[in-house]
Every structure is written in structure tokens, then in C-alpha cells.
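# Fold and geometry: a report
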Amino acid sequence: MKNFQVILLVIFGIFGALAAAIFSGGIKLPQKASETKFGAVGTVTIWGTFPSSGMESVIESFNKEANDEIVVFYQQKDEKTFSDEFLKSLAFGGSPDILIIPQSLVNQYDGKFTVIPYTAFTKRMFTDTYVDAANIFTKENGILGFPIVADPIVMYYNKDSFNSAGIVEVPKYWREILGITPDLTDLSSALEIRKSAVAMGEFSNVRNAKKIMSALILQLGNNIVSKNESGKEISILAERSYISSNPVETVMRFYTEFSNPLSSLYSWNKSMPNSLDAFVAGDLAIYFGPASEFALIRSKNPNLNFNVSDIPQVEGSSATTYADIYSMVIPSAAKNPSAASVVASTFANGTYARQISDVTGFTPVRRDILRAPSPLIPEQGIFYKASLQSKTWADPNSEETDKVFSGLVENILSGLKNIDDAVESASKELQIVIDTK
């Protein structure tokens, strides 16, 4: 047989094998998006800070349902370098298709996301579906993303400490915190703190300090950042509210009292360890932290006899706590925006949103899920209620506002400024951060 005949036979053999594979379903031909289940095709890359070990099961479930028409890849990123990596990806053409980010990064990335018009998902649908705090992802012309989970601040307390002090009821109001602090604090004659009631008063060693102060400020009706008549964001830290004539001053007077050695509330100082470590060690009776830290606390000390409750409230005001709200947003530079939109909206529905909540330890933001906490998980009811009661604020740059709040505390504790002047100064500093975002 001549060489060209051999070659022809080989070629026909290859085509025959390919045809058989295609018709048998072994090889899938590319489909038009309109012919697929989701109306989109291709790969979608998601960046987030959630552990990949947990997200793998969610991704696997979706990829199986999508039947390889859409294939999702998840990349876990370090929270400390997340922003820099994303901005570099925009500069060098390597943007992911979806980001999972908290509301604190929304303003920082302003103009870098695709706005989903209300014609695709109405504002009424959005507000009926998600908790009120999720409204931070809405704009006049559409939504910035699909919220998936929240991380509200709650109160963890050491049951052994409460039992030893003879405290039967968990405090519901901040006024009650004042009453039990001396009983839960063990001071030496030299005012050395051996056991602490509550970690407040400082900033550097109080984990979640800004979030705790934010919760208190929001409870007193001050939203920290607002918009003026022209729609420009402005700092309102120094402004009064419908509840208090001086809400932030009131909060700071209360907050800093716990680190005042001359006060009966003295319970914390700068020499103390990180507040989470102190609680895990059994040396701190009350710890304010996000719901997602429940599993962390348990893993750090399985023998710690602790429980969780609502964060105390201001009497006479609506129940409120602070929460971070995480949403799936689509960068304007996404390579596959149509498929990204499908994935983001699908992950935000009840089935996948519940899975993400379960594997990450965060709390759902969908109202339909929050209606039914598991009776088998006692703390879940507290977390779900906190998610419904949560509020947040438009943080222009999380790292820079940490400095603003830290400076506010230090100015008061050092005596460099009185409380009124310290709040006024902090409000001006916050405005500078807003203006330079």
C-alpha cells in the first residue's frame, strides 16, 4: 500500500473515532449559550478570603449541576494582600470574574464593578430577599452584587465566670454591663487586672474594637457616614441623632471608662493580651466578636465553658448590632461577565447560600433562610437574629478608618484632647479618608 493511502486511512480512522465519541456523548461539542441550562458557558474564576477547604464542596455541587457548561474555579486569597492583588490584576489584565468581598471594600473599589440594573433584579426584590444591612450594595441605578452571608457582632460569655460571681441572667442592656463589671473583675491591691470582666477601653489589644464601637454608635442612631443633598458622602461622626444629642461622645465616654484605673469599671488596659486570647484562656468574662469566631473559640479551647448571646442594647432603641456583609460582585474587567452573573445569582439563592453559610461559619443574609434556624444548633438562633438586626456603614477605606478610630481612643486616653474635641477631630479625619478614596 502506498504511503498516501496509509495516511488517508489513518486520517479517516481518526475522524471515525471522533465521530463515534461525539455521538456517544464521550466528547461534547461547544454549545451556544442560548442552548444551555443557564444561558451561559465557559469558566468563571472566583476570588475570596473564605477557606478553599469549605468552598470546594459548594463549587463541586455547582459544577455538577452545570454539567460542565459553566466551570467554576475558586481561589482563596490572603485578606491582607487581597486588595493589592485585585488592583494588580486590573492593571495586568488578569481580573477574576467574581469577587467575594465585605461591604468595607465597596467604596475602596468604587467604579470597578459591574452594576446590575434593576430591570434584571428589582430593588423591591432585593429588599424583600435580604436583611436591611445588605442595602449597602444598592445604588440608584442597580445593585453592586448579590449578598451571600453576614458576620454580625454578638456577645460571648464565660459561664464559669458568671456562675462564680453569682450572676444568673445574661445582660441585655449596656446599663446591666455596668452593674456586673466589678463582680467579674479581679483586681490586686496594686490595680493589677488578674481577671477581666470585659475588653473595652483600648484599641490595639481589643479585637474587633472598631466593630464594637460601630455597633454602639449605630445603636445610638448615628450612621457614621451619610450623603448630603448632592449625593456626596460625608462624615457625620460629630452630628447628633434622633436618639442622642451627642451619640459618638456618649459612646466614647462609655467605652474608655473601662480602661480608667480610677473608675469602678476598670477592667482592661494596654498591657493585657489580645482580647480573644484572654477569653480563650478563661481570663475574660465577656468578649464581643463576630458570629464566625464561634468555631474558632471552640477549636482553641475545647474545654472552655462558654455561651453566646445578643450584644447588649441601648434601652428604648431598636435592637441593633454591627455586621460585615459579604457579596459576590462582578468586576468590570471580568473575562466572562455573562457566566459570572449566572454564578453569582445562583450562589445567592437559598440552596447555595445556605451551603456557603454552613461551610464558612458566617450567617445567612436571606430572610427566607433566617426564618428557620436549626433547633439542633442552639447558637444558630442568636446568630440568625443578629443578622436580621444588623446594620453597617459605608467604610471608605478599612485600613485608614482603623487609624481614625484608634486615634480617637488614644486622644481621649492620653488626655491630649477632651472627648468633644477628639470626636470632632476624628470626624474631620474620616472626611479626609472619604475625600481621598
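First things first, this report covers the structure right here in the doc. Here the structure is a predicted model, which is why all the values come from computation and not from measurement. (Residues numbered from 1 in each chain as written. Predicted model: local features only at pLDDT ≥ 70, side-chain atom pairs only at ≥ 80, totals over all residues. Heavy atoms only, no water.)

### What to know about the nonpolar core
To keep it simple, the criterion reads: Buried Ala, Val, Leu, Ile, Met, Phe, Trp, Tyr and Cys residues that are joined via side-chain atoms within 4.5 Å together make up what is termed a nonpolar core. For each residue, the accessible area found with a 1.4 Å probe, counting protein chains only, is set against the maximum for its type, and the residue is called buried under 20%, exposed over 50%, and partly exposed in between. Residue contacts are counted whenever heavy atoms from the two residues lie within 4.5 Å of one another.
Counting 73 residues, the largest nonpolar core has Tyr156, Met200, Met252, Tyr255, Ile286, Phe288 and Ile297 as the members making the most contacts within it. If we ignore the near neighbours within four places in the chain, the residues touching Phe288 are Ile153, Val154, Met155, Trp174, Val198, Met200, Arg207, Asn208, Ile212, Ile311 and Pro312. Counting residues in each nonpolar core, the second largest holds 60 residues, with Ile101, Val106, Phe126 and Leu144 among its members.

### Considering unusual backbone geometry
To keep it simple, the criterion reads: Helix and strand labels come from DSSP, where a helix needs a run of H or I of at least four residues and a strand needs a run of E of at least two; each type is numbered from the N terminus.
The backbone of Asp68 shows a phi angle near 70°, a positive value even though the residue is not glycine. Unusually for a residue other than glycine, Asn208 sits at a positive phi of about 70°. As for its position among the elements, Asn208 is in the loop between strand E9 (193-198) and helix H7 (209-219).

### Focus: the pairing of strand E2 (residues 70-76)
Heads up, the rule is: Any two strands between which DSSP finds at least two bridges are classified as paired.
Where strand E1 (residues 42-48) and E2 come together, 7 bridges link them in parallel fashion. Bridge pairing in E2 links Val44 to Val72.

### A closer look at the layout of surface pockets
For clarity, the threshold we go by: Definitions used for this entry: grid spacing 1 Å over protein atoms alone; cavity, a set of points where a 1.4 Å probe fits but cannot get out; pocket, an open set with protein on both sides within 12 Å along at least 5 of 7 lines; lining residue, one with an atom within 4 Å of a point. Grid points are joined across faces, edges and corners, and a volume is the space filled by probe spheres set on the points.
Considered as a void within the structure, the largest pocket measures approximately 1400 Å³ in volume. As for the largest pocket, its lining consists of 43 residues, of which Glu79, Lys211, Asp324, Tyr326 and Ser398 are closest to the centre. For the lining of the largest pocket, the secondary structure elements donating two or more residues are helix H3 (82-91), strand E3 (98-102), H7, helix H10 (294-300), strand E14 (321-329) and helix H15 (398-413). Approximately 920 Å³ is the volume attributed to the second largest pocket. Asn135, Ile136, Lys227, Glu233 and Ala394 are the residues nearest the centre of the second largest pocket, which is lined by 35 residues in total. Taken together, the elements giving at least two residues each to the lining of the second largest pocket come down to strand E5 (138-139), strand E10 (225-227), helix H14 (378-389), strand E16 (390-391) and helix H16 (419-435).

### Observations regarding the sheet that holds E5
With antiparallel pairing, the 3 strands of this open sheet are ordered in space as E4-E6-E5. Each edge of the sheet is formed by a strand with only one pairing partner; in this case those strands are strand E4 (116-117) and E5. Judged from the 2 bridges that link them, E4 and strand E6 (residues 142-143) form a sheet pairing that is antiparallel. Looking at E6, one finds that Pro117 is bridged to Gly142.

### A short note on the packing of aromatic side chains
A ring pair, where both rings are aromatic, is described by two values, the distance of the centres and the angle of the planes. Applicable threshold: Aromatic rings from Phe, Tyr and Trp, with only the six-membered ring used for Trp, were paired whenever their centres fell within 6.5 Å, and each pair was classed as stacked if the ring planes differed by under 30 degrees, edge-to-face if by over 60, and tilted otherwise.
Applying the stated criterion to the full structure yields 23 aromatic pairs. Note on Phe86 and Tyr109: the rings are 4.9 Å apart at their centroids and 55° apart in plane angle, and the pair reads as tilted. Here Tyr109 lies in the loop between E3 and E4 and Phe86 lies in helix H3, a separation of 23 residues in the sequence. Consider the rings of Trp393 and Phe405, whose centres lie 6.1 Å apart with planes at 40°: the pair is tilted. Remark: Phe405 occurs in helix H15 and Trp393 occurs in the loop between E16 and H15; sequence separation between them is 12 residues. Accessibility classification places Trp393 together with Phe405 in one group, the buried group.

### Considerations on the environment of Phe254
As for its placement among the helices and strands, Phe254 is situated in helix H8 (residues 247-256). Phe254 gets classed as buried once you look at its relative accessible area, which sits at 16%. With near-sequence residues (within four places) excluded, Phe254 lies in contact with Trp174, Leu178, Met200 and Leu216.

### Looking at the side chain of Glu233
Spelled out, the test is: Within 3.5 Å is the distance limit for a polar contact, defined as a pair of N or O atoms, with the added protein rule that one can donate a hydrogen and the other accept it, and that residues adjacent in sequence qualify only through two side-chain atoms.
Residue placement: Glu233 occurs in strand E11 (residues 233-235). Residue Glu233 is classed as buried on the basis of its relative accessible area of 14%. Engagement of the side chain of Glu233 in a polar contact is seen with the side chain of Asn107, the distance being 3.4 Å. The contact partners of Glu233, leaving out residues within four places of it in the chain, are Asn107, Val225, Ser226, Lys227, Ala394, Gln431, Ile434 and Lys437.

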